[in-house]
Amino acid sequence: MACIIVEGVTLDCRQGAGGLNKIYLTEWANIASITSSSGTITAISMNSGKKFWEVQVEMEDAQFNEDATVSVENNTTFYAQTLTFSVYKMTAKNRNIIRLYTQNRLAVIVGDLDGVYRLAGETRAMHLTAAAGTTGKASGDKNGYNITLTGKEPLPSNTVSSGIIAALLV
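Quick summary incoming for the structure in this document. Everything numeric in this text was worked out from a predicted model, so none of it was measured.

Of the regular secondary structure elements, the chain holds two helices and eleven strands. Of the regular secondary structure in the chain, the N- to C-terminal order runs β-β-β-β-β-β-α-β-β-β-β-β-α. By its C-alpha atoms, the chain is 55 × 40 × 35 Å across when sized along the principal axes. A total of 170 residues make up the chain; the buried ones form 31% of that total. Partitioning the intrachain contacts of the chain with sequence separation of at least 6 by distance along the chain shows that 66% fall at a separation of at least 24. Accessible area for the chain stands at about 11,000 Å²; split by element, carbon and sulfur atoms hold 50% of it.

Moving on to the sheet that holds strand β2 (residues 31-37). In spatial order, the strands read β2-β3-β11-β8-β7-β1-β4; together these seven strands make up an open sheet with mixed pairing. Of all strands in the sheet, those bounded by a partner on one side alone are β2 and β4 (53-54). Sheet topology places strand β7 (residues 106-112) next to strand β8 (residues 117-120); four bridges connect them, and they run antiparallel. Paired with G111 across the strands is Y117, a residue of β8.

A positive phi is found at S38, a non-glycine position, where the angle reads about 55°. When you line up the elements, S38 lands in the loop between β2 and β3 (40-46). Judged by its relative accessible area of 79%, S38 falls in the exposed class. Unusually for a residue other than glycine, A125 sits at a positive phi of about 75°. Relative to the assigned elements, A125 resides in the loop between β8 and β9 (127-134).

On to the sheet that holds strand β6 (residues 76-88), then. The strand order across the open sheet formed by four strands is β5-β6-β10-β9, and the pairing between neighbours is antiparallel. Strands with a single pairing partner mark the edges of an open sheet, and in this sheet they are β5 (62-71) and β9. Taking the axes of each pair of neighbouring strands and ignoring which way they run, one obtains an average angle of 15° across the sheet.

Moving on, we come to helix α1 (residues 92-102). Taken residue by residue, α1 has N94, I98 and Y101 as its buried positions. Buried residues of α1 fall within an arc of 50° about the axis and therefore sit on the same side. Residues A92 and K93 are exposed on α1 and point more than 90 degrees away from its buried face. Buried positions along α1 lie against β1 (20-27), β6, β7, β9 and β10 (144-153).

Checked against the element boundaries, Q81 lands in strand β6. The class for Q81 is buried, based on a relative accessible area of 1%. A distance of 2.9 Å separates the side chain of Q81 from the backbone nitrogen of G121, its partner in a polar contact. When near neighbours in sequence (up to four residues on either side) are disregarded, Q81 contacts F64, N65, E66, L119, A120, G121, M126, L149, T150, G151, E153 and S157.

Let us now look at the pairing of β8. Hairpin connection from β7 to β8: four residues lie between these consecutive antiparallel strands, with G115 at a positive phi of about 80°. Strand direction decides the pairing type here: β8 and strand β11 (residues 158-160), joined by three bridges, are antiparallel. Within the sheet, the bridge partner assigned to R118 lies in β11 and is T159.

Below, the discussion takes up the environment of T148. Relative to the assigned elements, T148 resides in strand β10. Separated by 20 residues in the primary sequence, T148 and L128 have C-alpha atoms spaced 5.9 Å apart.

About the thresholds
- Residues numbered from 1 in each chain as written.
- Predicted model: local features only at pLDDT ≥ 70, side-chain atom pairs only at ≥ 80, totals over all residues.
- Heavy atoms only, no water.
- Helix = DSSP H or I, 4+ residues; strand = E, 2+ residues; numbered from the N terminus.
- Buried < 20%, exposed > 50% of the residue type's maximum accessible area, 1.4 Å probe, protein only.
- Contact = heavy atoms within 4.5 Å.
- Areas by Shrake-Rupley, 256 points an atom, 1.4 Å probe, with all protein chains shown as cover.
- Pairing = 2+ DSSP bridges.
- Axes fitted to C-alpha atoms, helices over the stretch in contact; angles between N-to-C directions.
- Arc of directions from axis to C-beta.
- Polar contact = N/O pair within 3.5 Å; in protein donor to acceptor, adjacent residues only side chain to side chain.

Here it is as structure tokens:
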């Protein structure tokens, strides 16, 4: 297979912002099908009665990374996806939700401050690989959980058309 470069990369206007303001997740098995074209997902069909759930995040407290790993010797490439975020307050409800995250394969949509959505764990799922709860020590410290989800995908994450998000939440 020829891997022909067909265009270059240009600088865009300096108006972007870092960070995430939206996280939606569901069990990976809840997705019936995905329709995509040229790196953009235009439709996600859910199994009957299933949906994505919103995880609300505080400002500057969630991050998505995607790192390519290329082995020239083995002729392989994969993309390590990592999502870190906090769940505030160590309540029984939050404990039970996080416990369910640990037991599932997850599909996660992240929305950044530029209004771009991405699907992480599209073909191989995301997994909760770290969860640390803390009550904090000082009055101003965080009481809650620091969560890390990780996955390894054969391709970089596809963007998700913002027009389909609302339908995935009902």
